[in-house]
Amino acid sequence: MSHLADEAYLKESFRALTHPEQLALWAIRMWVRAYRTEDREAAEAIRHGLILSDVPEGTDAALDRFMTVLAVSTQVSIDIRCPNCKSVSPDEHRLMGALAAMQQTGRHDPAILPMAPDRYLSVWLPPAAIRLSRAPLQALAHAFDEAELRLRPRSWVLQSAAVGEAIEGRSATVHTIH
């Protein structure tokens, strides 16, 4: 994909995302809000929002396990924005890319399961944390598949140099895990 196409994806607003992408990103953003503020209502909103989208019960637990591994294992800031932010950060695209990659590999050959999602997560996580993240990410991807909520692949985000250069400023509503 060309650098210009990368920029088009990066400038894509939250509203331009597909429903599955909006749901996944909203849940991630709400999880970060709950993590940072210990807001129990945010956690309940995630559960309720997933149920309303026909995602199987317990998916919020898989999200919690995955995001907890990410939050406690990363050594760098991850740009996850507030739930009302209209823009989508490169890091948020990367998280959706990991979920989409797990959906793709999970449907085809379980032997290649760890490879594709790991490439998205390796910028933040050491190998042991990547291994710990696989099961909850797979459960999350499976739950979205069961609800027929498929995310678009985002292999372009793996070219981190192009992604980093494509966005010049950060939103004032940026929230990071660290």
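Let me begin by describing the structure that accompanies this report. (Residues numbered from 1 in each chain as written. Predicted model: local features only at pLDDT ≥ 70, side-chain atom pairs only at ≥ 80, totals over all residues. Heavy atoms only, no water.)

## Quick word on unusual backbone geometry
Then step 1. You will see that aspartate 54, though not glycine, has its phi angle at about 65°, which is positive.
Then step 2. Secondary-structure assignment places aspartate 54 in the loop between α3 (40-52) and α4 (59-73).
Then step 3. One non-glycine residue, glutamate 148, lies in positive phi territory at about 60°.
Then step 4. As for its placement among the helices and strands, glutamate 148 is situated in the loop between α7 (127-146) and α8 (160-166). (Helix = DSSP H or I, 4+ residues; strand = E, 2+ residues; numbered from the N terminus.)

## A short note on the environment of serine 73
Then step 1. The residue serine 73 is located in helix α4 in this model.
Then step 2. The class of serine 73 is buried, set by a relative accessible area of 15%.
Then step 3. Separated by 55 residues in sequence, serine 73 and alanine 128 have C-alpha atoms that sit 9.1 Å apart.
Then step 4. The residues contacting serine 73, other than those within four sequence positions of it, are Trp124, Leu125, Pro126 and Ala129. (Buried < 20%, exposed > 50% of the residue type's maximum accessible area, 1.4 Å probe, protein only. Contact = heavy atoms within 4.5 Å.)

## Some thoughts on α3
Then step 1. Compared with an ideal rise of 1.5 Å per residue, which puts 13 residues at 18 Å, α3 spans 19 Å between its outermost C-alpha atoms and is within 8% of the ideal.
Then step 2. Within α3, the full set of buried residues consists of Ala42, Ile46, Gly49 and Leu50. An end-on view of α3 places all buried positions within 95° of arc, on one side of the element. Residues of α3 that are exposed and angled more than 90 degrees away from the buried face: Arg40, Glu41 and Leu52.
Then step 3. Of the residues that open α3, the one with a side-chain oxygen 2.9 Å from the backbone nitrogen of glutamate 41 is aspartate 39.
Then step 4. Phi turns positive, to about 65°, at aspartate 54, one or two residues after α3. (Expected span 1.5 Å × (residues − 1). Arc of directions from axis to C-beta. Polar contact = N/O pair within 3.5 Å; in protein donor to acceptor, adjacent residues only side chain to side chain.)

## Examining the pattern of salt bridges
Then step 1. Under the definition given, this model contains seven salt bridges.
Then step 2. With a shortest N-O distance of 2.7 Å, arginine 152 and glutamate 21 are connected by a salt bridge. Of the two residues, arginine 152 sits in the loop between α7 and α8 while glutamate 21 sits in helix α2 (residues 19-37), which places them 131 residues apart along the sequence.
Then step 3. Arginine 152 gets classed as partly exposed once you look at its relative accessible area, which sits at 25%.
Then step 4. With its nearest N and O atoms 2.5 Å apart, the salt bridge here joins aspartate 118 to arginine 134. Highlighted residues: aspartate 118 in helix α6 (residues 115-121) and arginine 134 in helix α7, separated in sequence by 16 residues.
Then step 5. Exposure remark for aspartate 118: the relative accessible area of 15% places this residue in the buried category.
Then step 6. Since its relative accessible area comes to 26%, arginine 134 is described here as partly exposed. (Salt bridge = Lys/Arg side-chain N within 4 Å of Asp/Glu carboxyl O.)

## Some words on the nonpolar core
Then step 1. Within the largest apolar cluster, 49 residues are counted, with the highest numbers of intra-cluster contacts made by Leu63, Met67, Leu95, Leu121 and Phe144.
Then step 2. Contributing elements (two or more residues each) for this core: α2, α3, α4, α5 (90-107), α6 and α7.
Then step 3. Here this core gets nine residues from one element, more than from any other, and that element is α2. (Core = buried A, V, L, I, M, F, W, Y, C linked by side-chain atoms within 4.5 Å.)

## Regarding the packing of α2 against α3
Then step 1. Two elements in contact, α2 and α3, have axes whose closest approach is 8 Å; the angle formed by their N-to-C orientations is 165°. One finds that α2 runs roughly antiparallel with respect to α3. Both α2 and α3 take part in a crossing whose hand is left-handed. Where α2 abuts α3, its residues Leu23, Trp26, Ala27, Met30, Trp31, Arg33 and Ala34 lie against Ala42, Ala43, Ala45, Ile46, Gly49 and Leu50. (Axes fitted to C-alpha atoms, helices over the stretch in contact; angles between N-to-C directions. Parallel < 35°, antiparallel > 145°, perpendicular 65-115°, else oblique. Left-handed = near helix turned anticlockwise from the far one by under 90°.)

## As for the side chain of serine 89
Then step 1. Topologically, serine 89 is positioned in the loop between β1 (79-81) and α5.
Then step 2. Overall, serine 89 belongs to the buried group, its relative accessible area being 0%.
Then step 3. Look past the residues within four positions of serine 89 in its chain and what remains in contact with it is Asp79 and Arg81.

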